[in-house]
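For reference, the chains in residue letters:
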Amino acid sequence: MARKNQTLGEFIIENQEAFPYSSGELSRLINSIRLAAKVVNHEVNKAGLVDITGAVGETNIQGEEQQKLDVYANEKFIQTLTNREIVCGIASEENDDFITIQGQNKDHQNKYVLLMDPLDGSSNIDVNVSVGTIFSVYRRVTPIGTPVTKEDFLQPGNKQVAAGYVVYGTSTMLVYTTGHGVNGFTLNPAIGTYYLSHPNMQFSETGRIYSINEGNYNHFPQGVKDYIKYCQAEEEDRPYTSRYIGSLVSDIHRNMIKGGIYIYPKSSKSSNGKLRLLYECNPMAFIAEQAGGKASDGFQRIMDIKPKELHQRVPFFCGSKKMVEKAEEFMKNAPE
Ligand code: AHG
Ligand code: MN
Ligand code: MN
């Protein structure tokens, strides 16, 4: 049973038995993610200081070039998970191909693969606005003991065993699901401990916020244009409020707490939208569904899409169930 204010460490131990095939591996994986997130959080918090303490392009004390934060976050997550030999493979938005992790003493014995967007919304760093990390976990489908293959990563979202995000906001939160609801933990930076602050997070059935980059309006499909007009109409509880941070993690996080819909549609400029199915949409869809919400590409369930490539993009409609269903209705009536 989730108890408010219990630590993430206590929560993981108490809930371990609830996992199918529990061997502690998934718990250790979540543990590594919380550790990597703390390291990244520390660096993100210093973002504005970089220009003060040293010009970009300078080398640090270890003689390493100062790096862009998304490269830094990518390396930290990969290092943390590789050193602990917890997963057998990692695919990242920042890497062209997946990484195989052999393990020092136990050749390819781990059963999970991890997919991630190490730093989401990175353009917001320069303006001191929240960014995040998104992760998604699957059981490998190829035999244990052999190197992972692409097949292990190209699984539909409905096969995820865990997914979550970290939001580096006014406070830092880790929000995740293992298929038993969604729980949110807030980091106390003074002692480096996460506490359960948001047990059993839920999308309200409907909401009053719509989040979309309306600057692209002229390029949107007719169904999306019609839905936006619906959101703006003077009716009952409308017009809705428009809120768009431009950092998926923060936009979804806010909408889950307040009720709303997030849309990144296809457009005449990008035929599949912008967001990546494996690193962004599937994990967010798993969380949304576990929180009573819904995620679709406008026509079908995100998590039922069979991925064809690692960096595949997909249109994304995610949030309060009734709002996503309404948007789908508009898409159906004007599919092009
Ligand atoms: P990333 O920083 O990982 O490339 O992701 C940015 C994404 C997502 O976070 C956000 O919702 C979207 O880009 C915003 O895109 P637009 O600027 O086109 O609205
Ligand atoms: Mn992203
Ligand atoms: Mn990113």
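Everything numeric here is computed off the predicted structure, so don't read it as measured data. (Residues numbered from 1 in each chain as written. Chains lettered and ligands numbered in written order. Predicted model: local features only at pLDDT ≥ 70, side-chain atom pairs only at ≥ 80, totals over all residues. Heavy atoms only, no water.)

1. Describing the domain arrangement of the chain
As a reminder of what qualifies: Each domain's limits were defined by an automated method or a database of domain assignments. Note on definitions: a residue-residue contact is assigned when non-hydrogen atoms from the two residues lie within 4.5 Å. Put simply, a salt bridge is a Lys or Arg side-chain nitrogen that is within 4 Å of an Asp or Glu carboxyl oxygen. What qualifies as a polar contact is a pair of N or O atoms within 3.5 Å, subject to a donor-acceptor requirement within protein and to the restriction that residues adjacent in sequence count only when both atoms come from side chains. The way it works is that DSSP assigns letters per residue, a run of H or I at least four long becomes a helix, a run of E at least two long becomes a strand, and they are numbered from the N terminus.
For the chain, the domain assignment lists domain 1 (8–198) and domain 2 (209–333). The gap between the C-alpha centroids of domain 1 and domain 2 is 24 Å. Every contact between the two is made by 46 residues of domain 1 and, on the other side, 30 residues of domain 2. For the pair domain 1 and domain 2, the interface holds zero salt bridges. Our enumeration of links across domain 1 and domain 2 arrives at 14 residue pairs in polar contact (both at pLDDT 80 or more). Listing elements by their share of the side of domain 1 that touches domain 2, those giving two or more residues are strand S1 (89–92), strand S3 (112–120), strand S4 (131–139), helix H5 (150–153), strand S5 (160–168) and strand S6 (172–177).

2. A few points about unusual backbone geometry
As a reminder, the rule being used: The cut-offs for exposure are 20% and 50% of the maximum accessible area for each residue type, with area from a 1.4 Å probe on protein chains only; residues under the lower value are buried, those over the upper are exposed, and the others partly exposed.
A cis amide bond links Arg238 to the next residue, Pro239, at an omega of 10°. Inspection of the secondary structure assignment puts Pro239 in the loop between helix H6 (222–232) and strand S10 (241–242). Positive phi outside glycine occurs at Glu85, with the angle close to 50°. With respect to the helices and strands, Glu85 occurs in the loop between helix H4 (69–83) and S1. In the Ramachandran plot, Asn200 falls in the positive-phi region, its phi being about 45° despite a non-glycine side chain. Relative accessible area serves as the criterion here: at 48%, Asn200 is assigned to the partly exposed category.

3. Topic: the coordination of the manganese ion (ligand 3)
Worth spelling out the cut-off: Note on donors: an N, O or S atom is included if it sits within 2.8 Å of the metal, or within 3.2 Å for Na, K and Ca, and water is never included, so sites can look incomplete.
Donor atoms from the polypeptide that coordinate the manganese ion (ligand 3) comprise Glu93 (OE), Asp117 (OD) and Leu119 (O), at 2.3 Å from the metal. The sequence motif formed by the donor residues of the manganese ion (ligand 3) is E-x23-D-x1-L. The manganese ion (ligand 2) is placed at 3.8 Å from the manganese ion (ligand 3), the two being bridged by Asp117. Placement of the pair is Glu93 in the loop between S1 and strand S2 (99–100) and Leu119 in strand S3, with a sequence separation of 26 residues. For Glu93, a relative accessible area of 18% translates into the label buried. For Leu119, a relative accessible area of 2% corresponds to the buried category.

4. A word on the sheet that holds S10
Counted only if it meets this: Two strands are counted as paired when DSSP detects at least two bridges linking them. Interaxial angles span 0 to 180 degrees and are taken between N-to-C directions of axes, which are lines fitted to C-alpha atoms, for helices over the stretch in contact.
Here we have five strands laid out as an open sheet, ordered S10-S9-S11-S13-S12, and mixed in their pairing. What marks the edges here is a single partner per strand, and that holds for S10 and strand S12 (294–296). For strand S11 (residues 260–264) and strand S13 (residues 316–319), the ladder comprises four bridges, and the chain directions are antiparallel. Looking at the pairing, Ile261 lines up with Gly319 of S13. The strands that H6 touches are strand S9 (209–211), S11 and S13; relative to S9, the one it contacts most, it runs at about 150°. Each of S9, S11 and S13 is contacted by helix H7 (residues 248–258), which is oriented at about 155° to S11, the strand it contacts most.

5. Describing the site of ligand 1
For clarity, the threshold we go by: A cutoff of 4 Å decides nearness: a residue is near a molecule or strand if any of its heavy atoms lies inside that distance of it. Residue type decides the class: Asp, Glu, Lys and Arg count as charged, Ala, Val, Leu, Ile, Met, Phe, Trp, Tyr, Cys and Pro as nonpolar, and the leftover types, Gly among them, as polar.
In the vicinity of ligand 1, 16 residues are found, and the nearest of them are Asp120, Gly121, Tyr244, Tyr262 and Tyr264. Between ligand 1 and Asn213, the relevant distance is 2.8 Å, taken from an oxygen atom to a side-chain nitrogen or oxygen of the residue. The separation between an oxygen atom of ligand 1 and a polar side-chain atom of Tyr264 is 2.5 Å. Listing elements by their share of the shell around ligand 1, those giving two or more residues are S3 and S11. With three residues, the top contributor of residues to the shell around ligand 1 is S3. Broken down by class, the residue content of the shell around ligand 1 amounts to six nonpolar, five polar and five charged. Each of domain 1 (8–198) and domain 2 (209–333) gives at least three residues to the shell around ligand 1.

6. Points about the pairing of S3
When you tally the buried positions in S3, you get nine out of nine residues, the bulk of the element. Sheet topology places S1 next to S3; four bridges connect them, and they run parallel. Residue pairing for S3: Ile90 is matched across the bridge by Leu114.

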